Amino acid sequence: MTNDLVKPRLMMVGALALALSACATAPAEIPVAVRIANATPAVSVIARGETTPVGTANADAADDPAIWRNAADPAASLIVGTDKKAGLYVYDLDGKVRDFLDAGRVNNVDLREGVLIGGQRAILVAASDRNDVANAKIALFRLDPVTAKLTALGKVDGGAGEAYGICMGSDAAGLYAFIVLKDGTIHQVALDTSGATPTGRTVRTMKLGTQSEGCAVDDRTSRLYVAEEDVGLWRFDARASGSTIPVKVAAADGKNIVMDAEGVAIAPMGEKDGYVLVSSQGDNAYVAYRISDDSYVGRFRVVDGTIGGSEETDGIDLMLGDFGPGYPGGLFVAQDGHNAAAAQNFKLVPWDDVVKALGL
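Right, let's walk through the structure included here. (Residues numbered from 1 in each chain as written. Predicted model: local features only at pLDDT ≥ 70, side-chain atom pairs only at ≥ 80, totals over all residues. Heavy atoms only, no water.)

## Section: the sheet that holds strand β20 (residues 273–280)
- The 5 strands lie next to each other as β1-β22-β21-β20-β19, forming an open sheet whose pairing is mixed. Edge positions in the open sheet fall to β1 (43–46) and β19 (261–269), since each of these has one partner strand only. Each neighbouring strand pair of the sheet contributes to a mean axis angle of 30°, computed without reference to strand direction.
- Note that β20 and strand β21 (residues 285–290) share 6 bridges and pair antiparallel. (Pairing = 2+ DSSP bridges. Helix = DSSP H or I, 4+ residues; strand = E, 2+ residues; numbered from the N terminus. Axes fitted to C-alpha atoms, helices over the stretch in contact; angles between N-to-C directions.)

## A word on the sheet that holds strand β13 (residues 185–192)
- Judged by pairing direction, the sheet is antiparallel, and its 4 strands sit side by side in the order β11-β12-β13-β14 without closing on themselves. The two strands at the open ends of the sheet, each matched to only one other strand, are β11 (163–171) and β14 (199–207). Within the sheet, the average angular offset between the axes of one strand and its neighbour, ignoring direction, is 25°.
- As paired strands, β11 and strand β12 (residues 174–181) are joined by 8 bridges and run antiparallel to one another. Paired with I166 across the strands is I179, a residue of β12.

## What about empty space enclosed by the protein?
- Going through the model one piece at a time under the given rule, you end up with 1 cavity of 30 Å³ or more.
- By volume, the largest cavity is sized at about 70 Å³.
- Around the largest cavity sit G169, S170, D171, Y176, F178, V217, D219, S222, A238 and R239, which together line it.
- Of all elements in the fold, only β11 and β12 reach the threshold of two or more residues within the lining of the largest cavity.
- When residues in the lining of the largest cavity are grouped by element, the largest group, 3 residues, is from β11.
- Here the residues of the lining of the largest cavity sort into 4 nonpolar, 3 polar and 3 charged. (1 Å grid on protein atoms, 1.4 Å probe; cavity = no way out; pocket = protein on both sides within 12 Å on 5 of 7 lines; lining within 4 Å. Points joined across faces, edges and corners; volume = space filled by probe spheres on them. Nonpolar A, V, L, I, M, F, W, Y, C, P; charged D, E, K, R; others polar.)

## Topic: helix α3 (residues 351–358)
- Taken together, the buried positions of α3 are W351, V354 and L358. Down the axis of α3, the sector holding all buried residues measures 55°, keeping them to one side.
- Following α3 by one or two positions, G359 adopts a phi angle in the positive range, close to 70°. (Buried < 20%, exposed > 50% of the residue type's maximum accessible area, 1.4 Å probe, protein only. Arc of directions from axis to C-beta.)

## Some points on the environment of T193
- For T193, the location among the structural elements is in the loop between β13 and β14.
- On the accessibility criterion, T193 (6% relative accessible area) is buried.
- Sequence separation between T193 and R48 is 145 residues, and the spatial gap between their C-alpha atoms is 36 Å.
- Beyond its immediate stretch of four places on either side in the chain, T193 contacts V115, L116, I117, G118, L124, L140 and P198. (Contact = heavy atoms within 4.5 Å.)

## With respect to unusual backbone geometry
- The peptide bond linking M259 to D260 adopts the cis configuration, its omega dihedral lying at 20°.
- With respect to the helices, strands and loops of the structure, D260 is situated in the loop between β18 (247–251) and β19.
- Phi at E312 takes a positive value of approximately 45°, unusual for a residue other than glycine.
- Within the element layout of this structure, E312 appears in the loop between β22 (296–303) and β23 (316–320).
- E312 sits in the partly exposed class, given a relative accessible area of 39%.

Quick look at the structure:
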């Protein structure tokens, strides 16, 4: 046998040995049943509604919801949800699709009411746009509360890197979008939507060490909460002039939070208290911490009932207040990563049921 034949065969044998070695040393994934058994116990609640599945089937597609409450007619409130392979859906509280906008790869979404858009007060929707994975964008839309239609307003720069999470907050100086890049970089972008074309300006940058996504802002306390997936839940000062040093609220220790830590939502109560919730994706649970002192409050799961439960949740949202007879005390919405044989969707849970189950 010539050297020309021996060398390729030796290279193939070496490559195979390396591959087998890597497989032998790679840690085995812990089954979800074991993760649940090892975690802190969680109470159970049942969904009262669910949305129509997203259009992208057989894929990890549905990701993040944002709730708009219709104060004049609470039962006519709306939910905006992302199909991160295709665009944005608008649902009513019966879960029916009211609109779909082909926006491409938009990952997370948030909305704010009463924002000056082109000279008029309206509902602004912001989504983290990852159509260009090397250059993050913040895609902005107007939501019409009567027709439930979305209108694209334009995009502003979100920095170099892949867009992942997004949330909005405001202070006396104006409105901000906090865009979380996949590597844990967080840019605070001042938004101006008063003119014909929206503009944005990065006023501050913060950093977490590894992949991060879900976030939420509490305007009352000027706090930004961000979930670092394999590490836990952090908070920052949300003021443009504030410190960029993070404070850890809770670790993804396999007990209260089972990694990945994903979606984040806030239940404000009074002037400075309430709860911050985070999705414990690794054991299909949701964890509540008290805003006033970061203390652990409890955990719950959305389990099967007349409507299926939710598993491996990415994004969540929560809004208190009257949402009609089905959700009189508030609405909790969670992405469902396993929606039986159908495509992924979002589950709707009365906040009153969570309060009762946790004894809040």
